[in-house]
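# Per-entry structural report
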Amino acid sequence: MDKLRIRGGQRLQGEVTVSGAKNAALPELCAALLTDQPVVLDNVPRLQDVATMLKLIRHMGVSAERDESLPTRVRIDAGALNNPEAPYELVKTMRASVLALGPLLARFGRAQVSLPGGCAIGSRPVDQHIKGLQAMGAEIAVEHGYMNARLAGGAARLKGARITTDMVTVTGTENFLMAACLAEGETVLENAAQEPEISDLAEMLIKMGARIEGHGSSRIRIQGVERLSGCTHQVVADRIEAGTFLCAVAATGGDVLLRHGRADHLDAVIEKLQAAGATITALADGIRIQASGRLKAQSFRTTEYPGFPTDMQAQFMALNVIAQGSSKVTETIFENRYMHVNEMVRLGAHIQVDGKVAVIEGIEKLSGATVMATDLRASASLVIAGLVAEGDTVVDRIYHLDRGYDQMELKLRGLGADIERIK
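To start, this report covers the structure provided alongside it.

The rules we used
- Sequence positions are assigned chain by chain, starting from 1 and proceeding in written order.
- Only residues with pLDDT of at least 70 get local features here, since the model is predicted, and only at 80 or more are side-chain atom pairs given and counted; chain-wide, interface and lining totals rely on the full set of residues.
- Derived side-chain values reflect all non-hydrogen atoms in the structure, with water molecules and hydrogen atoms excluded from consideration.
- Where helices and strands are cited, they refer to DSSP runs of H or I of at least four residues and of E of at least two residues respectively, numbered from the N terminus.
- Here the globule rule is a power law, 2.2 Å times the number of residues to the power 0.38, and the radius of gyration is based on C-alpha atoms.
- Classification of residues uses two cut-offs on accessible area relative to the type maximum, computed with a 1.4 Å probe and protein chains only: under 20% is buried, over 50% is exposed, and between them is partly exposed.
- Counted as positive: Lys and Arg. Counted as negative: Asp and Glu, with His and the chain ends omitted from the count.
- For the purpose of locating charges, the reference atoms are NZ of Lys, CZ of Arg, CG of Asp and CD of Glu.
- Ring pairs shown here join Phe, Tyr and Trp side chains whose ring centres sit within 6.5 Å, with only the six-membered ring taken for Trp; geometry is labelled stacked below 30 degrees between planes, edge-to-face above 60, and tilted in between.
- Each reported salt bridge corresponds to a side-chain nitrogen of Lys or Arg within 4 Å of a carboxyl oxygen of Asp or Glu.

What follows deals with the overall build of the chain. If you tally the helices and strands in the chain, you get 14 helices and 26 strands. For the chain, whose C-alpha radius of gyration is 22 Å, the value lies close to the compact-globule estimate of 22 Å for 423 residues. By principal-axis analysis of the C-alpha atoms, the chain measures approximately 65 × 45 × 40 Å. By the burial criterion, 57% of the 423 residues in the chain qualify as buried. Once the 46 positive and 50 negative side-chain charges of the chain are each reduced to a mean point, those two points are 1 Å apart.

In this structure the tally under the stated criterion is three aromatic pairs. Plain terms: the ring middles of F300 and F308 are 4.1 Å apart, the flat faces sit at 25° to each other, and that makes the pair stacked. With a centroid separation of 5.3 Å and 70° between ring planes, the pair formed by F300 and F316 is classed as edge-to-face. Of this pair, F300 sits in strand β18 (residues 300–301) while F316 sits in helix α10 (residues 313–320), and the two are 16 residues apart along the sequence. A relative accessible area of 5% places F300 in the buried class. Relative accessible area serves as the criterion here: at 0%, F316 is assigned to the buried category. The rings of F300, F308 and F316 are connected pair by pair, giving a single aromatic cluster.

Before going further, it helps to examine the pattern of salt bridges. A pair can form between side chains of opposite charge whenever their charged atoms are brought close. Under the criterion given, the structure shown has 30 salt bridges. Between D418 and R5 there is a salt bridge, and its shortest N-O distance comes to 3.1 Å. In this pair, D418 sits in strand β26 (residues 418–422) while R5 sits in strand β1 (residues 3–7), placing the two residues 413 residues apart along the sequence.

Here it is, written out as structure tokens:
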């Protein structure tokens, strides 16, 4: 099992390219299932979750291959799709598998999708997906670990509907958005998620011939069409990867340009980093961050976009543990997202957790130790902590990191970090 060895204390300098967003690439690979014509996706990150999704759609009879001359380009042809099933063996490590449900149901009128897996950071029920698709005329039974779906009453297509979810759900919004493109009539999504990855998915669907309005807001309208065509689309830059590098530079000090980073997708994070003392400049094709010395600790509360993202909570906490002063972090999205805390304490951090709230007392220095990654974003936070710790830090179980970061250690090494992957 691979590990990362980090020798802390190096300032980060230079330029790094932000990869395409995992959370856009995964639904967009599923969106390619909506048409029998070829789809080309550019800027697809080389991640374990993406590899799993490619394996999954190939299992369905889809041709899906990376371009040999340009590895971030993927060509998908779902014209010969003949097996609308997502088995447990292929999706047990990835909750995004549920995104196949809407497209398969919309195009084929039936689907069998395993209940999803993923990081053990808390409950992510599929009941909202089921409720919304039922409103569009689907019959869905959950049995033996699978969602078995088909069109009710021998209908030929899903029907447009007004769908209001009980809570904001990103994958739910994406599933309904894709399914509604081929439904009969108008679908209105109320309480829709507003993440940039959803807007990027909508832009791809519009290129395919979908009629969508309001994406990026809490109300999205979709006028169904009979069929969609192929397209070429570039996956939006990963705001969480960009935010992770921003936190790394803020913690270690340095001057780094994040090529392709989108400052307008990171308002809440950038606001906190600036309040902490970092200088951040939004450029035409990137973000520049400059930081030196110990920054000031910042309290924050995670919430749905455009608020502070839960996917940046652990990384910002890594900055807070060595910042000046005390801070309070409140996690409102997932109930089990403080698993990195015990590992940071092993490095010397002063953190107390009470339910949803973590109180951090900043200290001047961390001390290197062996720590264990417990989930995707926790692993990134431990890498940041290792970059500022004295001595050697070894991060174990980095297969979590590989699920969401494209060659992170190579990018950090290019900025001057002393980091290597070891077997």
